[in-house]
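Single-letter residue listing:
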Amino acid sequence: MSYSNNAAASDTGVNTLGQQTGNGMARRAAVQVLQQPAASTSVVEYHSEGRLVIIGTGSEAVAVASELVDELAAVAIVDPQVDARRPELDDRIAYIHAGIDRIEGHLGDFHIHLRDKGAQRLELGPLLGRSWPRIDLVLDLSPTPWLEAEILPPGYFATRGDSARVAQLSEELPGMIGEFEKPRYFRYEPGICAHDRNQCTACTRCIDACPTGAIRSIGEQIEVDPYLCQGGGTCAAVCPSGAIQYVYPGLADTLSRIRQLLKQYYQAGGESARVVFFEQAQRETLYQQLAGLEENLIPVALDELGAIDMTIMLNTLAFGAQQVIIAIGEQTAPLIDGTLREQQALAKAFLDGLGDMAERIVIVPQQQLSEVEACAGDETRPPAATYASFDDKRNMLHFALEHLYRHAAKKPETLSLPARAPFGEVQVNAGACTLCMACTGVCPVGALLAGNEQPQLKFIEHNCVQCGLCEQTCPESAITRRQRYVFDNEARRARRVLHEELPFYCIECGKPFATRKMIEHMRDKLTGHWMFDNDRALRRLSMCEDCRIADMWQEEQRV
């Protein structure tokens, strides 16, 4: 997500909107905030020497290759129709008949794995010889791209049978030589990642939501390929703990701009601000649409809509917006669209519970923007919040909810939430729980805690992200989760005891080291086991670790 730094372009866009009312003049003053440059981030660099592989068959592939062979460093054709006849073509163009097994990589470093008639798997690069140290570019002429990602990697161009697209790319590909860079869009904090613990996978939301396929599991953590990542933002939107964050710009910068934008709008005399988020690439067409609509519609251009989550939605309302409108472009990837609607549903669950109107957050195709109806006027809008912004997704969401709750028509103590909401409580079946504390060992956010010297399981609801690791790890299946939100800040942050039992004291030294239920459970399970087939071995189950070791040593000495 980023804002345009081109002041001239912004001024031109604002001028096309008109200033026929006080709202129009206030809007012009407000959008000047967006001309300030966003916070910078590190970059990812690509290098291309112009070695192109064309995936296609017949005369079309040959014609494109013949047109580009003089413009690029090297050109090869891979014809997946392995039984087709080899055409006559320029000796400089490599031609290979082979099925395609898979394609990996990105601009400057593609790997194409082939499958020949004998089902043998080979990599294309070595087959092309020393003049091909790497494959820089891929032009896929197939009706359906061989790569399945919703957003294809940089350097991979798919035509999907569109002849006009083929002609356009034939002109553009010679320019894909040299050094290229893009922002590094994300930051990852594995310490609070809820993906996996002890080979128990719980959360795969970022992997499932990534439209580029840039995220994969590497055991207890995830790994993001910065070369494949194109800043869709959905990973950060769905992450329950904030382990993966969108940083172009960061959350603090984004929310600070929105707060300043709305503050400027109202100070300039504007009323009932309606913030319209849209993709930067759609600026020209959206400004043309806004020219004939109400002048309280304030455009905010973003590189990617997918980074908008309920934190941004609800904070925008808390900072004074009467309505949040997300204008979806025609090229928006389905995974981004689905993520936005899931986040909208979560935000609306809060608004409905507080007695607010569902129309305050709207997702609409950009061409239907004129059909969005305004909700109630300024008389129902709470005063604008003035708190500062931080790069802490969950706490910023708590700030917004606290502000909206303070001025809400309804004030419930707790609110039930949809199944994938990242807030809620953990419930424990006291009859099944043995206080083994496996759950505390896997909790990534410190929501489940052991009692210091007491056999207790404690819980801090404020920290819980409802990832499910505790539920899946519990050997007794004693844990269940319930999605909800507790509005009282002290109650939400309080440590409460979920389960406790009487301690079991070592039969030798008297030290408490377990619970009675745990020892009874161990005896029941291990009675009859070959390692505990005598009374002395079974008796050690009632000893602490130190006494158990001492008793085993004494027994060895007697032998």
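Residues numbered from 1 in each chain as written. Predicted model: local features only at pLDDT ≥ 70, side-chain atom pairs only at ≥ 80, totals over all residues. Heavy atoms only, no water.

Focus: the overall build of the protein chain
Okay, step 1: On a plain count of helices and strands, the protein chain comes out with 18 helices and 28 strands.
Okay, step 2: Burial status across the protein chain gives 52% buried among its 559 residues.
Okay, step 3: Put simply, 67% of the contacts in the protein chain that link residues at least 6 apart link residues at least 24 apart.
Okay, step 4: Within the structure as shown, the protein chain displays about 25,800 Å² of accessible surface, and the carbon and sulfur contribution to it stands at 48%.
Okay, step 5: Across the protein chain, 53 positive and 74 negative side-chain charges occur, with their mean positions spaced 7 Å apart. (Helix = DSSP H or I, 4+ residues; strand = E, 2+ residues; numbered from the N terminus. Buried < 20%, exposed > 50% of the residue type's maximum accessible area, 1.4 Å probe, protein only. Contact = heavy atoms within 4.5 Å. Areas by Shrake-Rupley, 256 points an atom, 1.4 Å probe, with all protein chains shown as cover. Lys, Arg positive; Asp, Glu negative; His and termini not counted. Charge placed at Lys NZ, Arg CZ, Asp CG, Glu CD.)

Structural notes on the packing of aromatic side chains
Okay, step 1: Summed over all chains, the structure comprises 15 aromatic pairs.
Okay, step 2: Between phenylalanine 110 and tyrosine 156, the aromatic rings sit 6.3 Å apart at their centres with planes inclined by 55°, giving tilted as the arrangement. With phenylalanine 110 in strand β6 (residues 109–115) and tyrosine 156 in strand β9 (residues 156–158), this residue pair connects regions lying 46 residues apart in the sequence.
Okay, step 3: Owing to a relative accessible area of 3%, phenylalanine 110 belongs among the buried residues under this scheme.
Okay, step 4: Of the aromatic side chains, those joined through ring pairs into one cluster are Phe350, Tyr405, Phe423, Tyr485 and Phe487.
Okay, step 5: Of note, arginine 381 hangs over the ring of tyrosine 266, and the distance from its end group to the ring centre comes to 4.1 Å. (Phe/Tyr/Trp six-rings, centres within 6.5 Å; stacked < 30°, edge-to-face > 60°. Lys NZ or Arg CZ within 6 Å of the ring centre and 35° of its normal.)

What about the nonpolar core?
Okay, step 1: In this structure, Phe277, Ile308, Leu314, Ile326 and Phe350 are the most contacted members of the largest nonpolar core, which totals 57 residues.
Okay, step 2: Look past the residues within four positions of leucine 314 in its chain and what remains in contact with it is Ala347, Phe350, Leu351, Ile361, Leu397, Ala400, Leu401 and Leu404.
Okay, step 3: Leu107, Leu139, Leu141 and Leu173 belong to the second-largest nonpolar core, a separate cluster that totals 25 residues. (Core = buried A, V, L, I, M, F, W, Y, C linked by side-chain atoms within 4.5 Å.)

Remarks on the sheet that holds strand β4 (residues 93–97)
Okay, step 1: Within the open sheet, the 5 strands sit side by side as β4-β3-β2-β8-β9. Their pairing is parallel. In the strand order of this sheet, the two ends are held by β4 and β9, each with one partner. Strand after strand, the sheet turns through a mean of 15° between neighbouring axes, direction not considered.
Okay, step 2: Here helix α3 (residues 58–68) sits on the sheet and contacts β2 (51–55), β3 (74–79), β4 and β8 (137–140); the angle it forms with β3, its principal contact strand, is near 175°. (Pairing = 2+ DSSP bridges. Axes fitted to C-alpha atoms, helices over the stretch in contact; angles between N-to-C directions.)

Some words on the environment of leucine 251
Okay, step 1: As for its placement among the helices and strands, leucine 251 is situated in helix α8 (residues 251–267).
Okay, step 2: The class of leucine 251 is buried, set by a relative accessible area of 14%.
Okay, step 3: Sequence spacing of leucine 251 and aspartate 91 is 160 residues, and the spatial spacing of their C-alpha atoms is 54 Å.
Okay, step 4: If near-sequence neighbours (up to four positions away) are discounted, leucine 251 is found in contact with Tyr246, Thr311, Ile312, Phe390, Asp391, Asp392, Lys393 and Met396.

Details of the packing of helix α10 (residues 310–318) against helix α11 (residues 334–353)
Okay, step 1: With their axes 9 Å apart at the nearest point, α10 and α11 run at an angle of 45° to one another. Compared by their axis directions, α10 and α11 come out oblique. For the pair α10 and α11, the crossing hand works out as right-handed. Across the interface between the two elements, Met310, Met313, Leu314 and Leu317 from α10 touch Leu340, Gln343, Gln344, Leu346, Ala347, Phe350 and Leu351 from α11.
Okay, step 2: Here the contact of α10 with α11 is composed, by residue class, of 9 nonpolar, 2 polar and no charged. (Parallel < 35°, antiparallel > 145°, perpendicular 65-115°, else oblique. Left-handed = near helix turned anticlockwise from the far one by under 90°. Nonpolar A, V, L, I, M, F, W, Y, C, P; charged D, E, K, R; others polar.)

Points about α10
Okay, step 1: Of all 9 residues making up α10, 9 are buried, and the element is well covered by its neighbours.
Okay, step 2: All of the buried residues in α10 are Met310, Thr311, Ile312, Met313, Leu314, Asn315, Thr316, Leu317 and Ala318.
Okay, step 3: The N-capping residue of α10, defined by a side-chain oxygen 3.1 Å from the backbone nitrogen of threonine 311, is aspartate 309.
Okay, step 4: In the stretch just after α10, glycine 320 is the one whose phi turns positive, near 120°. (Polar contact = N/O pair within 3.5 Å; in protein donor to acceptor, adjacent residues only side chain to side chain.)

Details of the packing of α8 against α10
Okay, step 1: At a minimum axis separation of 10 Å, α8 and α10 run at an interaxial angle of 25°. One finds that α8 runs roughly parallel with respect to α10. For the pair α8 and α10, the crossing hand works out as right-handed. Between α8 and α10, the contacting residues are Leu251, Thr254, Leu255, Ile258 and Leu262 on the first element and Thr311, Ile312, Asn315 and Thr316 on the second.

Considerations on the sheet that holds strand β21 (residues 414–416)
Okay, step 1: Ordered by their spatial adjacency, 3 strands build an open sheet running β21-β25-β22, and the pairing between neighbours is antiparallel. At either end of the open sheet lies a strand with only one pairing partner, and these are β21 and β22 (424–428). Recorded for the sheet is a direction-independent mean angle of 45° between the axes of neighbouring strands.
Okay, step 2: As paired elements, β22 and strand β25 (residues 479–486) share 5 bridges and run antiparallel to each other. Residue pairing for β25: glutamate 425 is matched across the bridge by arginine 482.

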